[in-house]
Number of protein chains: 2
Amino acid sequence: MAVHDHPVDERALVAWCDAARVAARRLAPLDRADKDAALEAVARRIEGSMDAVLAANDADVREARAAGLSAAMIDRLVLDPKRLQAVAASVREIAALSDPVGEIVGMRRLPSGVLAGQQRIPLGVIAMIYESRPNVTVDAAALCLKSGNAVLLRGGKEAKRSNLALGELVRAGVDEAGLPEDAVQIVPPLSREETKLLLGLSGKIDLLIPRGGEGLIRFCAEHARVPVVQHYKGVCHLFVDATADLERALAITQNAKLQRPGVCNALECLLVHRRAAGAFVPKLQALLDAGCELRGDEAVVALLEGVKPASEDDWGEEFLAAVLAVRVVDDLDAALDHIDRYGSHHTEAICSESNGHVDRFLREVDASCVIANASTRFNDGGQLGLGAEIGISTTKLHAYGPMGLTSLTALKWIARGAGQVRS
Amino acid sequence: MAVHDHPVDERALVAWCDAARVAARRLAPLDRADKDAALEAVARRIEGSMDAVLAANDADVREARAAGLSAAMIDRLVLDPKRLQAVAASVREIAALSDPVGEIVGMRRLPSGVLAGQQRIPLGVIAMIYESRPNVTVDAAALCLKSGNAVLLRGGKEAKRSNLALGELVRAGVDEAGLPEDAVQIVPPLSREETKLLLGLSGKIDLLIPRGGEGLIRFCAEHARVPVVQHYKGVCHLFVDATADLERALAITQNAKLQRPGVCNALECLLVHRRAAGAFVPKLQALLDAGCELRGDEAVVALLEGVKPASEDDWGEEFLAAVLAVRVVDDLDAALDHIDRYGSHHTEAICSESNGHVDRFLREVDASCVIANASTRFNDGGQLGLGAEIGISTTKLHAYGPMGLTSLTALKWIARGAGQVRS
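Residues numbered from 1 in each chain as written. Chains lettered and ligands numbered in written order. Predicted model: local features only at pLDDT ≥ 70, side-chain atom pairs only at ≥ 80, totals over all residues. Heavy atoms only, no water.

**Student:** Sorry if this is basic, but what is going on with the packing of helix H6 (residues 135-146) of chain B against helix H7 (residues 160-176) of chain B here?
**Tutor:** Residues and elements named next belong to chain B. In the contact formed by H6 and H7, the axes pass within 9 Å of each other and the chain directions differ by 25°. Here H6 is positioned roughly parallel relative to H7, judged by the angle of their axes. For the crossing formed where H6 meets H7, the hand is right-handed. Two secondary-structure elements touch here, H6 through Thr137, Val138, Ala141 and Leu145 and H7 through Asn163, Leu166, Val170 and Val174. (Axes fitted to C-alpha atoms, helices over the stretch in contact; angles between N-to-C directions. Helix = DSSP H or I, 4+ residues; strand = E, 2+ residues; numbered from the N terminus. Parallel < 35°, antiparallel > 145°, perpendicular 65-115°, else oblique. Left-handed = near helix turned anticlockwise from the far one by under 90°. Contact = heavy atoms within 4.5 Å.)

Here you go:
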C-alpha cells in the first residue's frame, strides 16, 4: 500500500506499524551510502515533480481559503517552486550530515577481560503527529531515513493533498534506491478517536513526536501509552544584569523579540536588574518605535512612557507576538526565582559582564538551552550545529532541547569475550 | 516531616513531590565533595544503628512468615549484620564513583561565533516503586543523591518497617552533612489506587522507575502520565554457531543458566547451529546432571536422552528456574529470526569463532546488551563498569540496559556569546 486513507481502525494502524517494523529492520544495518543514495533520489524526485505537488497544494490552499483559515495558517500551507526547491535542498543537507548509527562509544576492557562498550542504533518505528507546514513531511522522513528509522507521518488535514503528493515522491525515491518504501508511510489525518488508537499502540511505536499547538501536545501526552517527547510552550526570558553591556542587551532584546515573534525561542519576558533599569529601560523606546507592545511593572512604567501596566497573567505568558513583558528585579537570585516560577524550560538567557553571574546562570537555570550574551533565537538545531531538527523537547527524558539525528537513536551495549563466565 | 504514612491522598503526594522539588533545586548545583560527605554520613549511620534496623527487619520478617510468604521472598527480606555491612559498603562504593553532574560535552565555536555545547544536569525528582529487598531503599537513595536528584521511595509493604528504619538513617545522614533531608522521602506502601494518583502527577515527577514483577511494571506503564523507564522480562538466548568452541559454549551455557537461574540476565533458550548439534547437544548432559531440566525440539530430543519435548510455549518463556529450552536452527539467519520473534530485548549472546558472524550478531540483534563469547550474566551495571545500577531498561528511550548514575542525568544546552544575534 502506498499512502493510507480512511477508514482507520486499530487493525489498520497495527498493520501499518507492523509494516514499519519490517522496514525498520531492513534499515537498521544499512551503511550510510545506501541511505544517502535514497535521500538523493528523494531530492531529485521532488525537483522533478514540482507540478504535481503544486497542483495538490493548490487544492489544499483553495479549500483552506474557503474554510476561512487565517492568513498566517495559509502562509504556512502554501508551497511554491522556491519553497519546494528549499525542501529538496534540505533533504540534501540531511544527506550531508554524518550518520550517527553504528558509532561505538566507551569500548574498554573490563576487569573480567570482556571488552564492552555501547553502539548507537536506530530507535525503530517513529510516529510523528504534526499540524504545520507540508515541508515537515519531507524533513521528518529524511531525518528518520538517515537515522535508520521507519516513520509514520500523520500531518494536518488542511495539508492532506500536499502531504500525500510529497509522501508519494519520498516513497518512490526510497524504492528507487532499493530501500523498503514502507520506511515512510503517510497516515491520513486522524480524528481524535483514531489518534487515541494510535497513541495506545504500546510496543508498536518506539517514539511519538507531536509537533503543533499546546492542545495537540497535551492530548498526546494524556493518551499516549507509547513514549512521547514533549514540547510545550517557549516562555523565554532575558535577564539584563547590573553589569550588562546595555547596547548588546538592547540588540539581543530586539533580535530575540522581533526577528520572528511567532516562534518558540522568541523572547517573552525581560528581567532588568534594578541598578541597570534607569539606564536600560528608556532604551526600550526602540522596541516601542518598532511597534512592539511593552507591558511593565510599576518601576518600568515609571521609567518609560508608552509602557502598559503588566498584570500577573503577563508573567509566564507566551505571547507569540510583538508583545514583551518587562520587570525590574533586585538581583540575580530574584531573576532566577522568576525564571524558576514562570519559565517553561525552553530557552533562558542572561546578558552580563560578570563572569561569576554568567557561570551561576548557566549552571543553575533548568532549561533545554541556557544562553549568555546572545539571542534566545540561537536555541535551534541548525544554529547549534545539529543540522535539521525533528522537534524540540522541553522535558529531560531522552532528549532536552533541539532533537537532531542523534536524538533518533539509542545506545545498546555490546560485549566481546573469549569464553568468560561470571564467578 | 520525616517519613510518610497513611492516609495518602493526592494532596499529600503533591506536597511530597513539591518538597522533593525544593530539595532537588538545592542538590543540583552541589559539588561532588558535598554529596560524597553526605553518603559517608549515611554509611556511618547505617553501621552505627544496626540494632534498630535489625529490630525493624525482624518485625517485618515475623509478619511475613505469619502471612505465609515464600522462603525465597523471606530470604530477600531478611537483613543481618553482614548484609547491613554490605549495604553501607555499597553506599561508599557509590560515593567513590565519579560525579556525572556538571560534565560539559561537545563545546565548540559555531559559525555564528557562539560557543555552545551540552552540560550534564540531574533529572530532578525521581520516584521509585519497588517490591524487593530493603537494600534497594539505600542503594536507590545513594544513586539519586550522588547524581543530584531527589527521590521518593515507595517500597513493598512486606518491608515497610525495614524501609522506614533505613530511610530515617539515610535522612539523618543527609541532614548531618547539611543537605536537605527531603532529598530522600520514604513513601508508605501505596494501594493500587494511591499508586495511580502518584503515576498521574505529570510535571511533578521527572522519572518513574518501577522495579519488580511484570504485573507491577505493566501497571505503572499503563497508568503513568509521568515518564517511566520500563524493564519487562529477560528472555535471553545463546546461539551456538557451527564454528563455536564447544567447550567454551558449554561453560557459558552452564554459567548463564545455572549460576543464578532466578535473575533477568539468566539464559532461557539455547539455539544450536545444525552443524554443531551432533557434537554439542550431548554435552548438555552436564546440565541434566546438575539438575537442570531441558526442553528441546525434535532434533535435540533425538540427540540426548532425558530431554523433554518442548512445546511452542517454551520459546519466549522466562523460566527463572533451572529449566532451559533448546532448539536446533539451520543457520545464523534462523537464529536471528528466532531471537527477533521470541526475545525480550534484554540480553542476547552468540558463541562463534566466525568473525563475520560475531560482527553481524552484535550489529543486528536489537537488545539492551548483545554479547559474543561470554556469559549473558555480564549484562549488569557492576560488570559493565557503571558501578551500581538503579534499574535496567529494555526500551530504548533515554536508557537501554543497566542504568547507572549517568542514566539519572540529562544534557542541557549551554551557549556563551559576545552579543551575537541571529540574522
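**Student:** Which parts of the structure should I look at to understand the relation of the copies chain A and chain B?
**Tutor:** Screw-axis analysis of chain A against chain B gives a translation of 0.0 Å along the axis, an RMSD of 0.0 Å, and a rotation angle of 180°. In symmetry terms, the pair is related by a two-fold rotation axis. For chain A, the smallest separation between a C-alpha atom and the rotation axis is recorded for His398 of chain A, amounting to 1.8 Å. By residue overlap, the copies meet face to face through one surface: 100% of the interface positions of chain A are interface positions in chain B. (Least-squares fit on C-alpha atoms with pLDDT ≥ 70 in both.)

**Student:** Would you mind going over the packing of aromatic side chains with me for this structure?
**Tutor:** The geometry of an aromatic ring pair comes down to the distance between the two centres and the angle between the two planes. Inspection of every chain in the model, using the stated rule, returns 0 aromatic pairs over all chains. Just above the ring of Trp315 of chain A sits the side chain of Arg327 of chain A; from NZ or CZ to the centre is 4.7 Å. When the ring centre of Phe219 of chain B is taken as reference, the NZ or CZ atom of Arg192 of chain B above it lies at 4.3 Å. (Phe/Tyr/Trp six-rings, centres within 6.5 Å; stacked < 30°, edge-to-face > 60°. Lys NZ or Arg CZ within 6 Å of the ring centre and 35° of its normal.)

**Student:** Looking at this structure, I do not really get empty space enclosed by the protein. What am I missing?
**Tutor:** With a probe scaled to a water molecule rolled over the atoms, the places where space remains empty come into view. Residues and elements named next belong to chain A. One pass over the full model with this rule turns up 2 cavities of 30 Å³ or more. For the second largest cavity, the calculated volume is near 50 Å³. Lining the second largest cavity are 10 residues, and of these Lys160, Asn163, Ile186, Val187 and Pro189 sit closest to its centre. Contributions of two or more residues to the lining of the second largest cavity are made by helix H7 (160-176) and strand E5 (184-187). (1 Å grid on protein atoms, 1.4 Å probe; cavity = no way out; pocket = protein on both sides within 12 Å on 5 of 7 lines; lining within 4 Å. Points joined across faces, edges and corners; volume = space filled by probe spheres on them.)

**Student:** Could you clarify how one ought to interpret the sheet that holds strand E3 (residues 125-130) of chain A in this entry?
**Tutor:** Remark on secondary structure: sheet strands pair via backbone hydrogen bonds, oriented parallel or antiparallel. Residues and elements named next belong to chain A. The 4 strands lie next to each other as E5-E4-E3-E6, forming an open sheet whose pairing is parallel. The open sheet terminates on both sides in strands that have one partner only, identified here as E5 and strand E6 (207-211). Within this sheet the neighbouring strands show an average axis-to-axis angle of 20°, counted without direction. Note: E3 against strand E4 (residues 150-154), 5 bridges, orientation parallel. Note that in E4 the partner of Ala127 across the bridge is Leu152. Of the strands in this sheet, E3, E4 and E5 touch helix H1 (residues 10-27), which is tilted by about 145° from E4. (Pairing = 2+ DSSP bridges.)

**Student:** Please clarify how the packing of helix H3 (residues 50-66) of chain B against H7 of chain B should be interpreted in this entry.
**Tutor:** Between two packed helices, the angle of one axis relative to the other and the distance separating the axes together describe the packing. Residue and element names in this part refer to chain B. In the contact formed by H3 and H7, the axes pass within 7 Å of each other and the chain directions differ by 165°. In terms of their interaxial angle, H3 and H7 are classed as roughly antiparallel. Here the hand of the crossing between H3 and H7 comes out left-handed. Residues Val53, Ala56, Asn57, Ala59, Asp60 and Glu63 of H3 pack against Lys160, Arg161, Ser162, Ala165, Leu166 and Leu169 of H7. Of the residues that constitute the contact of H3 with H7, the class distribution is 6 nonpolar, 2 polar and 4 charged. (Nonpolar A, V, L, I, M, F, W, Y, C, P; charged D, E, K, R; others polar.)

**Student:** It is not clear to me how the environment of Gly385 of chain B should be interpreted in this structure. Could you clarify?
**Tutor:** Checked against the element boundaries, Gly385 of chain B lands in the loop between strand E13 (369-374) and strand E14 (391-393). Classification of Gly385 of chain B by relative accessible area gives partly exposed; the value is 44%. Separated by 19 residues in the primary sequence, Gly385 of chain B and Gly404 of chain B have C-alpha atoms spaced 9.2 Å apart. The contact partners of Gly385 of chain B, leaving out residues within four places of it in the chain, are Arg108 and Leu110 of chain A. (Buried < 20%, exposed > 50% of the residue type's maximum accessible area, 1.4 Å probe, protein only.)

**Student:** Please clarify how the interface of chain A and chain B should be interpreted in this entry.
**Tutor:** When the parts of a complex come together, some accessible area is lost, and that lost area is often taken as the interface size. At the interface, 70 residues of chain A touch 70 residues of chain B. Looking at the side of chain A facing chain B, the largest losses of area belong to Leu397, Trp413 and Arg422 of chain A, adding up to 16% of the total buried there. Taken together, the connections running from chain A to chain B amount to 10 salt bridges. A salt bridge links Asp380 of chain B to Arg422 of chain A, with the shortest nitrogen-to-oxygen separation between them at 3.9 Å. The interface formed by chain A and chain B contains 47 residue pairs in polar contact (both at pLDDT 80 or more). Within the residue set of the side of chain A that touches chain B, elements represented by two or more residues are strand E2 (115-122), helix H9 (214-223), helix H10 (246-258), helix H15 (355-364), strand E13 (369-374), strand E15 (401-403) and strand E16 (409-420) of chain A. The element that contributes the greatest number of residues to the side of chain A that touches chain B is E16 of chain A, accounting for 11 residues. For the side of chain A that touches chain B, the per-class residue count stands at 35 nonpolar, 17 polar and 18 charged. Pairing between E13 of chain A and strand E16 (residues 409-420) of chain B: 5 bridges, direction parallel. From the neighbouring strand, Val370 of chain A faces E16 of chain B, where its bridge partner is Ile414 of chain B. (Buried area = accessible area lost by both parts, 1.4 Å probe. Salt bridge = Lys/Arg side-chain N within 4 Å of Asp/Glu carboxyl O. Polar contact = N/O pair within 3.5 Å; in protein donor to acceptor, adjacent residues only side chain to side chain.)

**Student:** Looking at this structure, I do not really get the sheet that holds strand E4 (residues 150-154) of chain B. What am I missing?
**Tutor:** Residue and element names in this part refer to chain B. Taken in spatial order, the 4 strands make up an open sheet running E5-E4-E3-E6, and their pairing is parallel. Two strands lie at the open edges of the sheet, namely strand E5 (184-187) and strand E6 (207-211), each paired on one side alone. Taken pair by pair, the neighbouring strands of this sheet meet at an average axis angle of 20°, ignoring direction. Together, strand E3 (125-130), E4 and E5 form the strand contacts of helix H1 (residues 10-27), whose direction differs from that of E4 by roughly 145°.

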